[in-house]
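Below, each chain spelled out in residue letters.
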Amino acid sequence: MKFEEIYQNYWQKVFRLAMGYVNDHDLAKDLTQDVFIIVYQKLSTFNKQSSIGTWIFRIASNTCLRSVEKRQKQQTTDLPQDLSSSENQFEDNDQIKFLYQCISTLSEIDRLIISLELEEVPQNEIAEIVGISNGNVRTKIHRIKEKLNKKMLRYEYS
């Protein structure tokens, strides 16, 4: 598969994964670009032991995790994220903005799992990316969805 095809097929998915981690449109775009720089540089070393999507999501999750860790070290206080600069499908949809806010409050592994689930990555690939069993992935997805549903219901009634 050519890099251009990979980029076209996975850019939005990686971007949404990054949004789940950082809840900041501009930072998510930067992280997505960082991911594809790595993919471009390492594409010749891809050994096809897993699917290209699994490989890309591993790179994306590692890149996002490093960014979150770096930001946590740099920040001394929690500053609210400004979502007013969102564009494209995030621009006018407060419910989507709130969903990403909710996702960003989850633990790192839960953010990764639900972001991959929202991208319709098969659960066996999620298990491979995260390094847990398929059964554990199913359980975690169910529990994460329950948490998010409760938060979304509170949002709808507020």
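For the structure, see preceding data.
Residues numbered from 1 in each chain as written. Predicted model: local features only at pLDDT ≥ 70, side-chain atom pairs only at ≥ 80, totals over all residues. Heavy atoms only, no water.

## Structural notes on the pattern of salt bridges
Across all of its chains, the model carries five salt bridges by this definition. For Glu119, the salt bridge is made with Arg16, and the minimal N-O distance between the two is 2.4 Å. One end of the pair, Glu119, is in the loop between α5 (108–118) and α6 (123–130); the other, Arg16, is in helix α1 (residues 3–22), with 103 residues separating them in the sequence. Glu119 sits in the buried class, given a relative accessible area of 8%. One salt bridge in this structure joins Arg58 and Glu128, with 2.9 Å as the shortest N-O distance. Taken together, the positions of Arg58 in helix α3 (residues 52–74) and Glu128 in helix α6 put the pair 70 residues apart, joining distant regions of the chain. When its relative accessible area of 29% is taken as the criterion, Arg58 is described as partly exposed. On the basis of relative accessible area, Glu128 is assigned to the partly exposed category, the value being 40%. When salt bridges that share partners are traced, they join Asp110, Lys140 and Lys147 into one network. (Salt bridge = Lys/Arg side-chain N within 4 Å of Asp/Glu carboxyl O. Helix = DSSP H or I, 4+ residues; strand = E, 2+ residues; numbered from the N terminus. Buried < 20%, exposed > 50% of the residue type's maximum accessible area, 1.4 Å probe, protein only.)

## A short note on unusual backbone geometry
A positive phi is found at Asn23, a non-glycine position, where the angle reads about 50 degrees. Tracing the backbone through its elements, the reader meets Asn23 in the loop between α1 and α2 (25–42). Residue Asn23 is classed as buried on the basis of its relative accessible area of 4%. We note that Lys48 has phi near 60 degrees; this positive angle belongs to a residue other than glycine. Summarising the element assignment, Lys48 is placed in the loop between α2 and α3.

Any functional reading would require information beyond the geometric quantities listed.
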